Amino acid sequence: MALPPQDERTLPAVVLRDVDRRPLEHALAEMQTLVEHHGHVIVVCSPAAPTAVQRRLHTLRSLMESDRIALFRPDLPPLGLAVLARQLRQLASCDISPGVLASAGRLLVHYIHAGALLNSVARLDRVPVGLKSHAKSWVPGSQFGVLAHPEPQLVRITPEAALPGPEFGTWMLVAKGQLQSDWVTGTLAPSWKVQGLREIPLPAESPGWWGTGKLIEFCSYLPDLSVLYQLVTSVRRSNCHWCGIDVIGDRCVFCSATPPVHDSPPLKQLENRTAVG
């Protein structure tokens with residue numbers, strides 16, 4: 001799901017619709033056009049996407065023999081994934097190189113808190129759920145607060161129920177499904193001391209990801225472009241030894257190369273160096 005712009009500088013998203021269902025040559029032509037127009041392309045894809053989608057994306061990248069396409073698959077629920085994609089769209093308007101921008105996703109994911117309020121966890125298989133919670137989910141009227149990221153947490157909703165939130169100022173997005181409750185907006189958001197709250201439509205992928213359509217999905221995030229920019233540019237960057245592009249972190253997101261491992265000198269050679277010193 002492509003979220004609306006956070007501000008006037010947020011670049012628009014390109015949605016690769018039905019990439020696994022369209023003829024290969026059509027999807028290939030679309031990707032070639034994107035690379036030729038923009039220079040580099042960062043594809044944000046959920047690990048929960050159908051295997052056919054993931055295979056098609058890798059096929060397109062292989063056929064083009066291009067190291068200008070980055071495939072990024074953060075382990076986030078649908079709303080959190082959409083938020084992260086929008087943050088990258090915000091940063092794309094800044095003077096940040098493609099390699100650093102693509103690497104930034106792995107940094108910013110640590111500042112996202114994503115979860116949902118569910119009426120049942122019987123079909124929830126993406127967050128660890130104990131047998132007691134499974135049994136309680138069959139009790140009529142039960143509701144569960146689930147935090148999928150950064151650390152999985154699950155609580156049954158009671159007057160004392162709480163989920164650990166961010167220790168820094170955030171905004172919150174709320175997407176309501178077929179569940180009526182004010183726990184997220186009336187209890188969770190104040191306990192997390194969110195600085196702003198907005199409601200948006202529920203992503204189409206959310207019921208399948210959470211195992212039920214009776215849910216309210218939420219995500220807290222850093223909305224300010226200046227804060228995002230400072231976070232990304234404050235991290236040490238280096239050149240990929242294989243393709244030469246600027247990156248942050250220990251792996252190039254475009255060519256997937258990792259820094260070479262240099263063999264340690266023989267022990268005797270180390271002893272000689274120590275003696276000379």
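Whatever comes next refers back to the structure up there.
Since we're looking at a predicted model, the values are computed, not measured.

## Quick look at the pattern of salt bridges
In the structure shown here, the tally under the stated rule is 3 salt bridges. Ionic pairing is found between Asp18 and Arg21, a salt bridge with its closest N-O pair at 3.9 Å. With a relative accessible area of 69%, Arg21 lands in the exposed category. Residue Lys176 pairs with Glu199 through a salt bridge whose shortest N-O separation is 3.7 Å. Here the residue Lys176 occupies a position in strand β6 (residues 171–176), and Glu199 occupies one in strand β7 (residues 196–201), the gap between them amounting to 23 residues. Given the relative accessible area of 38%, Lys176 is considered partly exposed.

## Details of the sheet that holds β7
Read across the open sheet, the 6 strands follow the order β5-β4-β3-β8-β6-β7; overall the sheet is mixed. Two strands bound the open sheet, and with one partner strand each, they are β5 (153–156) and β7. Neighbour-to-neighbour, the strand axes of this sheet turn through a mean angle of 20 degrees, independent of strand direction. Against the sheet, helix α3 (residues 78–91) makes contact with β3 (113–118), β6, β7 and β8 (215–221), and its axis sits at roughly 30 degrees relative to β8, the strand it touches most. Of the strands in this sheet, β3, β4 (144–149), β6, β7 and β8 are in contact with helix α6 (residues 183–191), which crosses β6 at around 155 degrees.

What counts as what
- Residues numbered from 1 in each chain as written.
- Predicted model: local features only at pLDDT ≥ 70, side-chain atom pairs only at ≥ 80, totals over all residues.
- Heavy atoms only, no water.
- Salt bridge = Lys/Arg side-chain N within 4 Å of Asp/Glu carboxyl O.
- Buried < 20%, exposed > 50% of the residue type's maximum accessible area, 1.4 Å probe, protein only.
- Helix = DSSP H or I, 4+ residues; strand = E, 2+ residues; numbered from the N terminus.
- Pairing = 2+ DSSP bridges.
- Axes fitted to C-alpha atoms, helices over the stretch in contact; angles between N-to-C directions.
- Contact = heavy atoms within 4.5 Å.

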